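Letter by letter, the chains look like this.
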Amino acid sequence: MLEPSPQNPNYLVPPLSSPPPPSPPLPPSLESQPPPSPTPTKTNQFLSLISKRPSLRVTSEFDSDSRVFFHKVSCKLFDNLAKLKLSFINNSKREISEPQLALTSKYLSIHYDPEEQNALIKSSFDVGPMLHFKAAHDVKARQGEVGMLANLSDPSYAVEVTSPVPYVGLPKATIRFPMGEVTLEEREEEEVPRTFSINGILKGQVLNGVCAAHYTNEELKLRYSYKDGAMTFIPSISLPSNALSFAFKRRFSPSDKLSYWYNLDSNYWSAVYKHTYDKDFKFKAGYDSEVRLGWASLWVGDENGKAKTAPMKMKVQFMLQVPQDDIKSSALMFRVKKRWDIL
């Protein structure tokens, strides 16, 4: 109940003899809770997506052998729903070449080549709990491909069917199962009627190793891999050429490893020694008899990782190449890759 203001008295209402009783206190649970915030609407969610400042990433890489810079600028849009990427090469004359522009998202990606004035459009999405659709289209060539992947009740079994667009011949079918996959495809050659080709991969456990058979273009390659805690032995043979080779790897310690490869058909061989000082420091040295070249390389930063995980977000590689026939023409090369997070 409101009290009468003393500056503007209301003489029509008699004054109260005593003040009104105080309101009962709120329960502690209700007193500590803040007032409910208004439910965000779809309009507010959309405005927050477009008003949020995108994060910008710049990655530059320099190769002393080719003496060119490779730059990549990327930013994430609409709260990481899409990514825009621009890449180009800058040579020693400060000329820009091979620009590429890409817009990628979860279901759609567009890659545009300004020099060729061509675009490659790809899309993929789930049609149902067990079906996945994918498509690709080359705008300039007016060609593309559509495919459907069906996962069976067991995730290790799947059937994929792909067909070119415009339609030419029968579609390609691939069956995947736990031991490998088999692909059946119609093949057309000059002056030869259309035939079906079968390509496939089969893998299985044999003794203490894994045996794999690769059949492609009427060539069969058999490969056996034996591996224990410190040694790996991999013999392989190709049929019908009977080309035999083997690889041997020996780990002396968690940071030292030696790899050796020998081809019995050509008598070529190569060897590589690797020493890891830390996750971000690696030294490698080797020799290749086919090109008669010895080399040594030092990595600062994970060799197979990205620049964002390296110290100071920078990867550096130094390599020394020593030709066996002309030691005086030895060359020292380096490669630097650096990333900047601007926003």
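Since the structure is predicted, the reported quantities are computational estimates derived from the model, not experimental observations.

Parameters at a glance
Residues numbered from 1 in each chain as written. Predicted model: local features only at pLDDT ≥ 70, side-chain atom pairs only at ≥ 80, totals over all residues. Heavy atoms only, no water. Helix = DSSP H or I, 4+ residues; strand = E, 2+ residues; numbered from the N terminus. Buried < 20%, exposed > 50% of the residue type's maximum accessible area, 1.4 Å probe, protein only. Contact = heavy atoms within 4.5 Å. Areas by Shrake-Rupley, 256 points an atom, 1.4 Å probe, with all protein chains shown as cover. Phe/Tyr/Trp six-rings, centres within 6.5 Å; stacked < 30°, edge-to-face > 60°. 1 Å grid on protein atoms, 1.4 Å probe; cavity = no way out; pocket = protein on both sides within 12 Å on 5 of 7 lines; lining within 4 Å. Points joined across faces, edges and corners; volume = space filled by probe spheres on them. Patch = residues over 30% accessible without salt bridge, like charges linked within 9 Å, V, L, I, M, F, W, Y side chains within 5 Å. Salt bridge = Lys/Arg side-chain N within 4 Å of Asp/Glu carboxyl O. pLDDT = per-residue confidence, 0-100. Pairing = 2+ DSSP bridges.

**Q** Just checking my understanding: could you explain the overall build of the protein chain for this structure?
**A** Counting its secondary structure elements, the protein chain contains 2 helices and 22 strands. Burial statistics for the protein chain: of 343 residues in total, 18% are counted as buried. Look at the contacts in the protein chain between residues 6 or more apart in sequence, and 14% of them connect residues 24 or more apart. For the protein chain, the exposed surface amounts to about 25,200 Å²; the carbon and sulfur share of it is 60%.

**Q** Looking at this structure, how should I read the environment of L108?
**A** Relative to the assigned elements, L108 resides in strand β5 (residues 108-113). Sequence separation of L108 and F125 is 17 residues, and the distance between their C-alpha atoms is 8.7 Å. Once residues lying within four places of it in the same chain are set aside, the contact partners of L108 are L103, I121, K122 and S123.

**Q** How do you make sense of the packing of aromatic side chains when you look at a structure like this?
**A** Centre-to-centre distance and the angle between the planes together describe a pair of aromatic rings. Considering all chains together, one arrives at 8 aromatic pairs under this definition. Chaining the aromatic ring pairs together yields one cluster made of F233, F246, Y260, Y262, W269 and Y287.

**Q** Help me understand the layout of surface pockets, please; the structure alone is not making it clear to me.
**A** The probe, sized like a water molecule, is rolled over the atoms to show the empty space still left. The space that makes up the largest pocket amounts to roughly 410 Å³. In terms of lining, the largest pocket is formed by 17 residues, of which the most central are K72, S74, K83, K306 and R339. Those elements that place two or more of their residues in the lining of the largest pocket are β1 (55-63), β2 (68-77), β3 (82-90), β4 (96-105) and β22 (331-341). Top contributing element to the lining of the largest pocket by residue count: β2, with 4 residues.

**Q** I would appreciate a short explanation of a nonpolar patch on the surface in the present structure.
**A** Nonpolar side chains collect at one region of the surface, where Y107, L108, I121, F125, V127, L131, V139 and M148 lie side by side and expose about 640 Å² of accessible area between them. You can see Y107 is positioned in the loop between β4 and β5. Taking the relative accessible area as the measure of exposure, Y107 reaches 46% and is therefore partly exposed.

**Q** Could you clarify how one ought to interpret the confidence of the model for the protein chain in this entry?
**A** Interpretation of the predicted coordinates at a detailed level should be avoided for regions scoring low in pLDDT. With 84% of its residues at a pLDDT of at least 70, the protein chain reaches an overall mean of 84. Confidence over residues 1-19 falls short of pLDDT 50; this stretch has 1 contact with residues more than four positions distant or in other chains. Counting interchain partners and residues more than four positions distant, the pLDDT-below-50 stretch residues 28-32 has 1 contact.

**Q** Can you walk me through the pairing of strand β17 (residues 256-263) in this structure?
**A** On any regular strand, side chains alternate: one points to one face of the sheet, the next to the other face. Inspection of the sheet shows strand β16 (residues 243-253) paired to β17 by 8 bridges, in the antiparallel sense. The residue of β17 that forms the bridge with F246 is Y262. In sequence, β16 turns back onto β17 through a hairpin of 2 residues. Sheet analysis places β17 next to strand β18 (residues 269-278), joined by 7 bridges and oriented antiparallel. Bridge pairing links Y262 to W269 in β18. Hairpin connection from β17 to β18: 5 residues lie between these consecutive antiparallel strands, with N267 at a positive phi of about 65 degrees.

**Q** Mind showing me how you'd approach the pattern of salt bridges here?
**A** If charged atoms from side chains of opposite charge come close, those side chains can pair. Here the structure, examined in full by the defined rule, presents 12 salt bridges. Measuring nitrogen to oxygen at the nearest pair gives 3.7 Å for the salt bridge that ties E116 to K140. Placement of E116 in the loop between β5 and β6 (118-126) and of K140 in the loop between β7 (131-138) and β8 (143-151) is noted, with a sequence separation of 24 residues between them. With relative accessibility at 44%, the residue E116 sits in the partly exposed group.

**Q** Even after reading the chapter, I still don't get the environment of L86, so can you show me in this structure?
**A** By the element assignment, L86 lies in strand β3. Sequence separation between L86 and S74 is 12 residues; the distance between their C-alpha atoms is 6.3 Å.

**Q** Can you walk me through the side chain of S236 in this structure?
**A** Here S236 shows up in strand β15 (residues 231-239). With sequence-adjacent residues up to four places away left out, S236 is seen in contact with K221, L222, R223, A243, L244 and S245.

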